[in-house]
Amino acid sequence: MPRPQGLARRVVLGGLLGALLVVCKEVLAPLPGIEPVTPLILFYGMELPAFGPWAIAVFVVLQFLLYGFGMWSWGYLYIWALLYLLARLLHGMDSALGWALVAGAFGLGFGALFTPVYFLVQGPGGALAWWLAGIPTDVAHCLGNFVVMLGLYRPLRPLFRRLARP
């Protein structure tokens, strides 16, 4: 069981990191395909394993409060956790290009990750139509994630590594 101050640190830092996700997403929302959520969650998974789940929970709850609950909400309940787990699996990789490829691939597959929800509600045809209609957005998401991660990896990974120290 974590010490009380350890738990308090997780809750506070997780809350701040979750709020950072929301603020960065909203500030960059006018730019098509540019969203810092994917790169930040990758950094959380790489360097802040104790805080990442808290941050993701805060982010998802704040998104629900800001935008209401809809079909997309079900995907948010698992998509960001999958990204975090992928980062945990690959956390030993130290390659800006490698992480940019991971971020880009996630952006490209983002719409496909929602298809289980649409499949359950609209059937296979509805899920396929929804996914195909979103491919241009997924391509923009892919390119944006790739560029953001490639540019931010070297300056931010050491910063998150320092933040992880008690």
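For the structure itself, consult the block above.
What you are looking at is a predicted structure, and each value in this text was computed from that prediction instead of being measured.

S.K.: So what's going on with a nonpolar patch on the surface? Which residues, and what values?
M.R.: Nonpolar side chains collect at one region of the surface, where L108, L128, L132, I135, V139 and L143 lie side by side and expose about 510 Å² of accessible area between them. When contributions to the nonpolar patch are tallied by element, the ones reaching two or more residues are α5 (96-133) and α6 (135-164). Inspection of the secondary structure puts I135 in helix α6. Here I135 falls in the partly exposed class, since its relative accessible area comes to 33%.

S.K.: Tell me about the layout of surface pockets, residues and numbers included.
M.R.: Gaps left between atoms show up when a probe the size of a water molecule is rolled over them. Considering only enclosed or pocket space, the largest pocket measures out at about 590 Å³ in volume. Lining the largest pocket are 26 residues, with K25, Y76, F110, T137 and H141 positioned closest to its centre. Elements with a contribution of two residues or more to the lining of the largest pocket: α1 (4-28), α3 (52-67), α4 (71-90), α5 and α6. Sort the elements by how many residues they give to the lining of the largest pocket and α5 lands first, with 5 residues. A breakdown of the residues in the lining of the largest pocket according to their chemical character gives 16 nonpolar, 6 polar and 4 charged.

S.K.: Residue-level account of the environment of I41, with values.
M.R.: Structurally, I41 can be placed in helix α2 (residues 37-47). Judged by relative accessible area, which is 0%, I41 ranks as buried. Between the C-alpha atoms of I41 and A164, which are 123 residues apart in sequence, the distance is 14 Å. Excluding residues that lie within four positions of it along the chain, I41 makes contacts with L21, I56, W80, L83, Y84 and A87.

S.K.: Kindly report on the nonpolar core, identifying the contributing residues and their values.
M.R.: With 39 residues, the main nonpolar core has L42, W80 and M149 as its most contacted residues. Sequence-distant contacts of M149, defined by excluding residues within four places in its chain, comprise P39, L42, F43, M46, W99, A100 and A103.

S.K.: Break down α3 for me, with residues and values.
M.R.: In a regular helix each residue adds 1.5 Å, so 16 residues correspond to 22 Å; α3 covers 22 Å between its end C-alpha atoms and thus fits that length. Taken as a whole, α3 has its buried residues at G52, A55, I56, F59, V60, Q63 and F64. Directly after α3, the chain includes G68, whose backbone phi takes a positive value near 80°.

S.K.: Would you mind going over the packing of α5 against α6 in detail, with residue names and values included?
M.R.: α6 packs onto α5 with a crossing angle of 150° between their chain directions and a minimal axis gap of 7 Å. It follows that α5 is roughly antiparallel to α6 by the angle criterion. Read as a crossing pair, α5 and α6 show a hand that is right-handed. Residues that form the contact of α5 with α6 fall into these classes: 20 nonpolar, 5 polar and 3 charged.

Calculation rules
Residues numbered from 1 in each chain as written. Predicted model: local features only at pLDDT ≥ 70, side-chain atom pairs only at ≥ 80, totals over all residues. Heavy atoms only, no water. Patch = residues over 30% accessible without salt bridge, like charges linked within 9 Å, V, L, I, M, F, W, Y side chains within 5 Å. Areas by Shrake-Rupley, 256 points an atom, 1.4 Å probe, with all protein chains shown as cover. Salt bridge = Lys/Arg side-chain N within 4 Å of Asp/Glu carboxyl O. Helix = DSSP H or I, 4+ residues; strand = E, 2+ residues; numbered from the N terminus. Buried < 20%, exposed > 50% of the residue type's maximum accessible area, 1.4 Å probe, protein only. 1 Å grid on protein atoms, 1.4 Å probe; cavity = no way out; pocket = protein on both sides within 12 Å on 5 of 7 lines; lining within 4 Å. Points joined across faces, edges and corners; volume = space filled by probe spheres on them. Nonpolar A, V, L, I, M, F, W, Y, C, P; charged D, E, K, R; others polar. Contact = heavy atoms within 4.5 Å. Core = buried A, V, L, I, M, F, W, Y, C linked by side-chain atoms within 4.5 Å. Expected span 1.5 Å × (residues − 1). Axes fitted to C-alpha atoms, helices over the stretch in contact; angles between N-to-C directions. Parallel < 35°, antiparallel > 145°, perpendicular 65-115°, else oblique. Left-handed = near helix turned anticlockwise from the far one by under 90°.

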